[in-house]
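Now for the letters of each chain:
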Amino acid sequence: MTVEDLTTHETAADACPWCGKVQDRASNADGKAGAPEEGDVSVCIRCAGACVFDAKLKLRKATGGELAELRANPAFRKAQWAVRQLER
Ligand SMILES: [Zn+2]
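Description of the structure in this document.

## Focus on the environment of Ala-55
Right, on to step 1. Of note, Ala-55 is situated in the loop between β4 (50-53) and β5 (59-61).
Right, on to step 2. For Ala-55, a count of 8 C-beta atoms within 10 Å translates into the label exposed.
Right, on to step 3. Each C-alpha atom, one on Ala-55 and one on Glu-37, is 7.9 Å from the other, the two residues being 18 residues apart in sequence.

Dropping the structure here:
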């Protein structure tokens, strides 16, 4: 995956529920082109925490069950790994 592969959408500013980093964009890492929808997963650009867009497109922490599913998802693991490689 490269930056050129990502489609980025502006979102309402919201803080990561794990670390508080305010985010106002989301990039698709799964090849889809659409804007975020309820239930979509987001990886925080600062802490790589797993977040989920709620019905109002606000970020919430992924639940324990969701985290277990995500850890088994190669696309999620790849996105989380990519964020962790970013220089701070
Ligand atoms: Zn975060």
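That was the structure; now back to the text.
## Let's talk about unusual backbone geometry
Right, on to step 1. Of note, the phi angle at Ala-48 is positive, near 65 degrees, even though the residue is not glycine.
Right, on to step 2. By the element assignment, Ala-48 lies in the loop between β3 (41-43) and β4.
Right, on to step 3. A tally of 18 C-beta atoms within 10 Å means that Ala-48 is categorised as partly exposed.

## What to know about the sheet that holds β4
Two orientations exist for strands paired in a sheet by backbone hydrogen bonds: parallel and antiparallel.
Right, on to step 1. Across the sheet, three strands lie side by side as β3-β4-β5; this open sheet has antiparallel pairing. Both outer strands of the open sheet, β3 and β5, are each paired with one neighbouring strand and no more. For this sheet the average axis-to-axis angle between neighbouring strands, irrespective of direction, equals 45 degrees.
Right, on to step 2. In the sheet, β4 pairs with β5 via three bridges, with the strands oriented antiparallel. Residue pairing across strands places Cys-51 opposite Lys-61, the latter belonging to β5.

## Considering the environment of Ala-26
Right, on to step 1. Position of Ala-26 relative to the elements: it lies in strand β2 (residues 22-28).
Right, on to step 2. The exposure class assigned to Ala-26 is buried, which follows from the 22 C-beta atoms found within 10 Å.
Right, on to step 3. Sequence separation of Ala-26 and Ala-12 is 14 residues, and the distance between their C-alpha atoms is 10.0 Å.
Right, on to step 4. Apart from residues no more than four positions distant in its own chain, Ala-26 is found in contact with His-9, Thr-11, Pro-36 and Ser-42.

## Overview of the nonpolar core
Right, on to step 1. Cys-16, Ala-29, Val-43, Cys-44, Ala-50, Cys-51, Phe-53, Leu-59, Ala-62 and Ala-79 form the largest nonpolar core, which has 10 residues in total.
Right, on to step 2. The element best represented in this core is β4, accounting for three residues.
Right, on to step 3. The residues contacting Leu-59, other than those within four sequence positions of it, are Asp-14, Cys-16, Pro-17, Ser-42, Cys-51 and Phe-53.

## Quick look at the pairing of β2
Right, on to step 1. The pairing of strand β1 (residues 7-15) with β2 spans six bridges and is classified as antiparallel. Bridge assignment links Ala-15 to a residue of β2, and that residue is Val-22.
Right, on to step 2. Between β1 and β2, which follow one another and run antiparallel, lie six residues, and Gly-20 among them has a positive phi close to 90 degrees.

Procedures and definitions
Residues numbered from 1 in each chain as written. Predicted model: local features only at pLDDT ≥ 70, side-chain atom pairs only at ≥ 80, totals over all residues. Helix = DSSP H or I, 4+ residues; strand = E, 2+ residues; numbered from the N terminus. Buried ≥ 20, exposed ≤ 12 C-beta atoms within 10 Å, placed from the backbone. Pairing = 2+ DSSP bridges. Axes fitted to C-alpha atoms, helices over the stretch in contact; angles between N-to-C directions. Contact = placed C-beta atoms within 7 Å. Core = buried A, V, L, I, M, F, W, Y, C linked by C-beta atoms within 7 Å.

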